[in-house]
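# Working through the structure, step by step
Residues per chain, in single letters:
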Amino acid sequence: MGTFKAIRIDKAEKGTTVALTQFDEADLMDGDVTVAVEWSTLNYKDGLAVTGKAPVVRRFPMIAGIDFAGIVEQSSHPQWKAGDRVVCNGWGMGETHLGSYAEKARVKGDWLVRLPDSISTRDAMAIGTAGYTAMLSVLALEKHGLTPGSGPVVVTGAAGGVGSVATAILSKLGYHVIASTGRMSEADYLKGLGAAEVIDRAELSGPAKPLAKERWAGGIDSVGSTTLANLLSMTKYGGAIAACGLAAGMDLPSSVAPFILRGVCLLGIDSVMCPLPQRKLAWSRLASDLDQGKLADITHEIGLDGVVDAGAKILAGQVRGRIVVKIL
Ligand code: NDP
């Protein structure tokens with residue numbers, strides 16, 4: 001057994017340290033599948049982990065990174081064999097299980113999803129956990145009964161990772177997308193992804209009224225706090241908001257008025273422990289409902305040595321779209 005390159009996080013007297021270093025293969029955790037990781041990505045949670053800004057990491061030493069795409073190297077799991085192309089999101093990777101910013105990962109075969117033929121390992125990570133979460137949000141809205149005929153849909157944090165992919169998917173599905181952003185300079189970018197309208201997030205960030213003018217039939221919110229409260233108060237009778245993020249805060253200063261007077265639903269989205277059948281559905285829908293040209297437009301590439309700097313930028317709201325991390 002040898003060593004491989006990895007971004008390692010260790011506990012320090014004050015906080016944590018992070019370093020791109022060699023990791024001993026013998027120290028990989030239990031799992032029945034070993035994967036040669038080709039690509040990973042940078043998600044908001046990765047930013048929190050590599051900067052130590054929030055206690056995402058709960059085991060030391062840790063390899064950072066919450067998702068990967070790669071090729072199975074070795075497997076004792078009945079479903080997987082060497083050479084299979086796989087994607088893995090969440091399940092505690094980078095938190096309690098050694099993560100994906102590494103040339104090798106060892107995980108449970110039950111965590112893996114087979115990549116659809118039309119999605120390369122690079123594209124899988126251009127989508128990443130952010131894009132897969134955007135698709136889980138779309139699936140939740142569809143399950144609620146939302147269709148393009150129901151009315152406009154709002155996407156918050158639209159220039160970010162979840163928001164960019166959500167905007168691209170919803171517009172391809174025929175929705176009238178209202179993209180909310182704090183970066184009005186990105187209006188052309190968002191229109192290029194298919195947004196019909198771009199609004200300044202300041203419109204949604206003040207204290208929310210219990211009920212306000214009905215503006216949309218549904219929405220995908222990656223921001224939380226007063227933004228989510230405003231979204232709910234502006235949702236049409238019978239509509240729904242899928243809540244998946246907390247870029248502005250974990251609080252929800254809302255009232256029950258939208259729920260009990262307009263029958264509005266708040267749909268919670270979790271990608272980390274999401275059951276396998278729903279993951280498979282999300283990845284197959286990403287193959288059909290996300291325009292690959294748009295995905296290329298929203299993505300840029302860094303190496304493992306760029307992850308820590310990019311992690312600080314994503315927390316500062318300075319990353320547009322998606323970042324893929326080249327591993328091999
Ligand atoms: P990004 O940083 O790429 O996007 C977040 C966007 O939110 C920013 O680009 C910005 O968009 C907006 N934003 C940032 N700060 C604020 C603020 N203070 N007030 C209002 N808007 C703000 O992150 P991701 O897209 O990767 O993740 C978004 C959120 O979703 C995160 O909170 C993340 O933890 C969560 N998430 C949850 C998952 C789940 O399983 N539930 C899975 C994946 C992500 P703009 O400039 O357009 O305003």
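This one's a predicted model, so the numbers in the text were calculated from it and none came from an experiment.

Before going further, it helps to spend a moment on the overall build of the chain. Counting its secondary structure elements, the chain contains nine helices and 16 strands. A compact globule built from 328 residues would reach a C-alpha radius of gyration of about 20 Å, and the chain, at 20 Å, matches this within 12%. For the chain, the spread of C-alpha atoms along the three principal axes comes to 65 × 45 × 35 Å. Of the roughly 13200 Å² of accessible surface on the chain, 53% is carried by carbon and sulfur atoms. Charge separation in the chain, taken as the distance between the mean sites of 33 positive and 33 negative side-chain charges, equals 4 Å.

Take the sheet that holds strand β12 (residues 216-221) next. Pairing in this open sheet of six strands is parallel, and the strands run β11-β10-β9-β12-β13-β14 from one edge to the other. Each edge of the open sheet carries a strand with a single partner, namely β11 (197-200) and β14 (265-268). Neighbour-to-neighbour, the strand axes of this sheet turn through a mean angle of 20°, independent of strand direction. Across five bridges, the pairing between β12 and strand β13 (residues 235-243) is parallel. Each residue of the ladder has a partner; that of D221, found in β13, is A243. Of the strands in this sheet, β12, β13 and β14 are in contact with helix α2 (residues 121-144), which crosses β13 at around 150°. The strands that helix α5 (residues 225-233) touches are β9 (153-155), β12, β13 and β14; relative to β13, the one it contacts most, it runs at about 155°.

Our next topic: the nonpolar core. Counting residues in hydrophobic clusters, the biggest one holds 53 residues, and the most contacted among them are L170, L190, W283, L286 and L290. For this core, the element with the highest residue contribution is α2, accounting for 13 residues. In this structure, L290 is in contact with I127, V165, A168, I169, K172, R285 and L295, ignoring residues within four places of it in sequence. One finds V37, V57, I63 and W91 within the second-largest nonpolar core, a separate group that totals 42 residues.

It is worth spelling out the packing of aromatic side chains at this point. Considering all chains together, one arrives at three aromatic pairs under this definition. Each ring, one from F4 and one from F23, has its centre 5.8 Å from the other, and the planes form 40°; the classification is tilted. On the criterion of sequence distance, the pair formed by F4 in strand β1 (residues 3-11) and F23 in strand β2 (residues 16-24) is long-range, its members being 19 residues apart. The residues F4 and F23 share a single accessibility class, namely buried. Residues Y132 and W283 carry aromatic rings whose centres are separated by 6.2 Å and whose planes lie at 15° to one another, so their mutual orientation is stacked. Of the two residues, Y132 sits in helix α2 while W283 sits in helix α7 (residues 276-289), which places them 151 residues apart along the sequence. W283 sits in the buried class, given a relative accessible area of 1%. One residue, R122, lies across the ring of W39, its end atom 5.3 Å from the ring centre.

Moving on: the domain arrangement of the chain. According to the domain assignment, the chain consists of domain 1 (3-115 + 298-326) and domain 2 (130-268). Facing the 10 residues of domain 1 at the interface are 13 residues of domain 2. When domain 1 packs against domain 2, close to 880 Å² is buried across both sides, 58% of that on carbon and sulfur atoms. When residues of domain 1 are sorted by the area they lose upon contact with domain 2, Y44, I298 and R320 head the list and together hold 51% of the total. At the junction of domain 1 and domain 2, the tally comes to one salt bridge. Among the salt bridges present, the one from R320 reaches E186, with a minimum N-O distance of 2.9 Å. Taken together, the links from domain 1 to domain 2 amount to four residue pairs in polar contact (both at pLDDT 80 or more). By residue class, the composition of the side of domain 1 that touches domain 2 is three nonpolar, five polar and two charged.

Right, let's get into the packing of α2 against helix α3 (residues 161-172). Any two packed helices are characterised by the angle at which their axes cross and by the distance between the axes. Two numbers describe how α2 lies on α3: the axes approach to 8 Å, and their chain directions differ by 50°. Between α2 and α3, the interaxial angle falls into the category oblique. Viewed along their axes, α2 and α3 form a crossing whose handedness is right-handed. Touching A130, G131, A134, M135 and V138 of α2 are G161, V162, V165, A166, I169 and L170, all from α3. Classifying every residue of the contact of α2 with α3 by side-chain character gives nine nonpolar, two polar and no charged.

Now for the side chain of R285. Secondary-structure assignment places R285 in helix α7. The exposure class of R285 is buried, given its relative accessible area of 17%. A polar contact is formed between the side chain of R285 and the side chain of E142, at a distance of 2.8 Å. In this structure R285 touches M135, L139, E142, L173 and L290, once residues within four positions along its chain are discounted.

On to the site of the ligand. Residues in close proximity to the ligand total 25 residues, the closest being T181, G182, R183, R201 and S271. Taking G160, its main chain carries an N or O atom lying 3.5 Å from an oxygen atom of the ligand. With respect to the ligand, the backbone of G161 contributes an N or O atom lying 2.9 Å from an oxygen atom. Burial of the ligand by the protein chains amounts to 87% of its free accessible area of 910 Å². Going through the elements one at a time, α2 and α3 are the ones with two or more residues in the shell around the ligand. The element best represented in the shell around the ligand is α2, accounting for three residues. Of the residues that constitute the shell around the ligand, the class distribution is 12 nonpolar, 10 polar and three charged.

Rules used in this analysis
- Residues numbered from 1 in each chain as written.
- Predicted model: local features only at pLDDT ≥ 70, side-chain atom pairs only at ≥ 80, totals over all residues.
- Heavy atoms only, no water.
- Helix = DSSP H or I, 4+ residues; strand = E, 2+ residues; numbered from the N terminus.
- Rg over C-alpha atoms; globule rule 2.2 N^0.38 Å.
- Areas by Shrake-Rupley, 256 points an atom, 1.4 Å probe, with all protein chains shown as cover.
- Lys, Arg positive; Asp, Glu negative; His and termini not counted.
- Charge placed at Lys NZ, Arg CZ, Asp CG, Glu CD.
- Pairing = 2+ DSSP bridges.
- Axes fitted to C-alpha atoms, helices over the stretch in contact; angles between N-to-C directions.
- Contact = heavy atoms within 4.5 Å.
- Core = buried A, V, L, I, M, F, W, Y, C linked by side-chain atoms within 4.5 Å.
- Buried < 20%, exposed > 50% of the residue type's maximum accessible area, 1.4 Å probe, protein only.
- Phe/Tyr/Trp six-rings, centres within 6.5 Å; stacked < 30°, edge-to-face > 60°.
- Lys NZ or Arg CZ within 6 Å of the ring centre and 35° of its normal.
- Domains from an automatic or database assignment.
- Buried area = accessible area lost by both parts, 1.4 Å probe.
- Salt bridge = Lys/Arg side-chain N within 4 Å of Asp/Glu carboxyl O.
- Polar contact = N/O pair within 3.5 Å; in protein donor to acceptor, adjacent residues only side chain to side chain.
- Nonpolar A, V, L, I, M, F, W, Y, C, P; charged D, E, K, R; others polar.
- Parallel < 35°, antiparallel > 145°, perpendicular 65-115°, else oblique.
- Left-handed = near helix turned anticlockwise from the far one by under 90°.
- Near = heavy atom within 4 Å.

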